[in-house]
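# Coordinates in review
So the chains spell out like this:
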Amino acid sequence: MTTLKRPDGRKVDELRPIKAKVGVVPNADGSAMFQSGDTIAIAAVYGPKKMHPQHSQNPEKGTLRCTYNMNSFSVTERIRSGPNKRAMEISKITEWALEPVLMLDKFPSQVVDVHINIIQADAGTRCAGINAAAMALAHAGIPMRDMVSSISVGKLDKTIVVDLNKAEEDWEEGEGPTDIPVSLTHSGEITHLQLDGKISGKQLNEAITMAKKASEKVYEIQKKALKEALEK
Ligand code: ADP
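Throughout what follows, the structure given in this document is the object of discussion. (Residues numbered from 1 in each chain as written. Predicted model: local features only at pLDDT ≥ 70, side-chain atom pairs only at ≥ 80, totals over all residues. Heavy atoms only, no water.)

### Digging into the overall build of the protein chain
Where we set the bar: Helix and strand labels come from DSSP, where a helix needs a run of H or I of at least four residues and a strand needs a run of E of at least two; each type is numbered from the N terminus. What the globule rule says is 2.2 Å times the number of residues to the power 0.38, and the radius of gyration is computed from C-alpha atoms. Think of it in three bands: with a 1.4 Å probe and only protein chains considered, a residue is buried below 20% of the maximum accessible area for its type, exposed above 50%, and partly exposed in between. Contacts between residues were defined by any pair of non-hydrogen atoms, one from each residue, lying within 4.5 Å. Every accessible area reported is derived by Shrake-Rupley at a probe size of 1.4 Å, with residue values counting cover from the shown protein chains alone.
For the protein chain, the count of helices and strands is four helices and nine strands. Element order for the protein chain, N to C, with α for helix and β for strand: β-β-β-β-α-β-α-β-β-α-β-β-α. Here the protein chain has a C-alpha radius of gyration of 18 Å; the compact-globule value for 232 residues is 17 Å, and the two agree. With respect to the three principal axes, the spread of C-alpha positions in the protein chain is 55 × 40 × 35 Å. The 232 residues of the protein chain split such that 50% are buried. A fraction of 67% describes how many contacts in the protein chain between residues 6 or more apart in sequence connect residues 24 or more apart. Accessible surface for the protein chain amounts to roughly 11900 Å². Of this, 52% is attributable to carbon and sulfur atoms.

### Details of unusual backbone geometry
At the junction of Gly47 and Pro48, the peptide bond is cis and its omega measures out at 5° in the coordinates. Cis peptide bonds are those with omega within 30 degrees of zero, and the linkage from His52 to Pro53 qualifies with -5°. Here Pro53 shows up in the loop between strand E3 (39-50) and strand E4 (63-70). Notably, Ala123 is not glycine yet its phi reads approximately 70°, a positive angle. For Ala123, the position within the fold is in the loop between strand E5 (110-120) and helix H2 (125-139). Residue Ala123 is classed as buried on the basis of its relative accessible area of 10%.

### Here we look at the pattern of salt bridges
This is how it is decided: Salt bridge, as applied in this entry: a Lys or Arg side-chain nitrogen positioned within 4 Å of an Asp or Glu carboxyl oxygen.
With the rule as written, the count across this model stands at 17 salt bridges. Across the pair Lys223 and Glu220 runs a salt bridge whose closest N-O atoms are separated by 3.7 Å. Taken together, the positions of Lys223 and Glu220, both in helix H4 (residues 201-231) and three residues apart, correspond to about one turn of that helix. Overall, Lys223 belongs to the partly exposed group, its relative accessible area being 39%.

### Some words on empty space enclosed by the protein
Convention followed: As defined here, a cavity is a set of points on a 1 Å grid over the protein atoms alone where a 1.4 Å probe fits but cannot get out. A pocket is an open set with protein on both sides within 12 Å along at least five of seven lines, and residues line them when an atom is within 4 Å of a point. Grid points are joined across faces, edges and corners, and a volume is the space filled by probe spheres set on the points.
Following the criterion strictly, the structure yields one cavity of 30 Å³ or more and no others. Roughly 70 Å³ of volume is contained in the largest cavity. What lines the largest cavity is a set of 14 residues, among which Ser36, Cys127, Ser150, Ile151 and Asp163 lie closest to the centre. If you list the elements that add at least two residues to the lining of the largest cavity, you get strand E2 (30-36), H2 and strand E6 (148-156).

### Description of the side chain of Asn165
Note that Asn165 resides in the loop between strand E7 (159-162) and helix H3 (166-169). The exposure class assigned to Asn165 is buried, which follows from its relative accessible area of 7%. Discounting chain neighbours no more than four positions away, the residues touching Asn165 are Asp8, Arg10, Arg16, Asp122 and Ala123.

### Considerations on the sheet that holds strand E8 (residues 177-185)
Basically, it comes down to this: Note on pairing: two strands pair once DSSP finds at least 2 bridges between them. Axes here mean lines fitted to C-alpha atoms, for a helix over just the part in contact, with angles spanning 0 to 180 degrees between N-to-C directions.
An order of E7-E6-E8-E9 is seen for the four strands of this open sheet, with the pairing classed as antiparallel. With partners counted over all chains shown, the strands left at the sheet margins are E7 and strand E9 (190-193), one partner each. Across the sheet, the axes of successive neighbouring strands diverge by a mean angle of 25°, strand direction being ignored. Bridge count for E6 against E8 is nine bridges, and the pairing is antiparallel. Within E8, the position partnered with Gly154 by the bridge is Asp179. Along the sheet, H4 makes contact with E6, E7, E8 and E9, crossing E6 at roughly 140°.

### Let's talk about the packing of H2 against H4
Put simply, the rule reads: We call a crossing left-handed when the near helix sits turned anticlockwise from the far one by less than a right angle, and right-handed when that turn is clockwise. Ten residues, namely Ala, Val, Leu, Ile, Met, Phe, Trp, Tyr, Cys and Pro, are considered nonpolar, four, namely Asp, Glu, Lys and Arg, are considered charged, and the remaining ones, Gly among them, are considered polar.
Relative orientation of the contacting elements H2 and H4 amounts to 35°, with a least axis distance of 11 Å. In this structure, H2 meets H4 at a crossing whose hand is right-handed. Contacts from Asn131, Ala134, Met135, Ala138 and His139 in H2 reach Val218, Gln222, Ala225 and Leu226 in H4. Partitioning the contact of H2 with H4 into residue classes produces six nonpolar, three polar and no charged.

### Here's the deal with H2
In an α-helix there are 3.6 residues to a turn, and that puts residues three or four apart on one side. For the record, the criterion: Given the number of residues in a helix, its expected span is that number minus one, multiplied by 1.5 Å.
With 15 residues, H2 extends 21 Å from end C-alpha to end C-alpha; this agrees with the ideal 21 Å at 1.5 Å per step. Of all 15 residues in H2, 13 are buried; the element is thus mostly enclosed. Following H2 by one or two positions, Gly141 adopts a phi angle in the positive range, close to 80°.

Structure follows, in structure tokens:
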């Protein structure tokens, strides 16, 4: 197939080891942890509750409000956490990735708050955050048409690979790295796709096919964690 050697020795279509747990923040209405390799995301859901200020209310349907944050200790070099351009972008992207499966019309004028914290970062944090958030929303009992599972695919030089870690996102050889985070429903609809880099249409199709397969594995782990929480 390929001679490309990934830094951690994974096969091109091999995901990092995944761990997931539901109910990790007892005070929240719903919560979940999603870990992919060294990337760990925690999501906590509060709501639905009345939206304040009143002028922000949508009388037709509820509002999903996501807040993504990278903790100061999530990377080796301590960073300033809290809102910045990148965090605001990822918060918006997360809302867009999840909204299509949520039945927000059941909660007019209300808001569902989702707080996503990255406690350790090794790339793919927006995908891990979306996976944790989707589980936390289900755990909070927010009616959903389907699950959302997110994974990044990409290209290292000329080779398509799944679930890039930070060393791979910084790939310097040949054509360099291309990062394509994709979020999919279990029925296979894409709710979010970003592309950072350069790729041909043909290879993009290959990458999306790979993302679909990988998202199935993510889905199975999300489902298992939710089932375990329900059985308790
Ligand atoms: P994603 O985490 O979704 O891949 P980016 O491509 O924006 O999002 O970031 C890639 C990775 O770069 C992050 O997962 C993290 O490991 C690292 N990173 C992002 N922002 C910072 C920062 N301010 N300081 C150090 N590392 C960072």
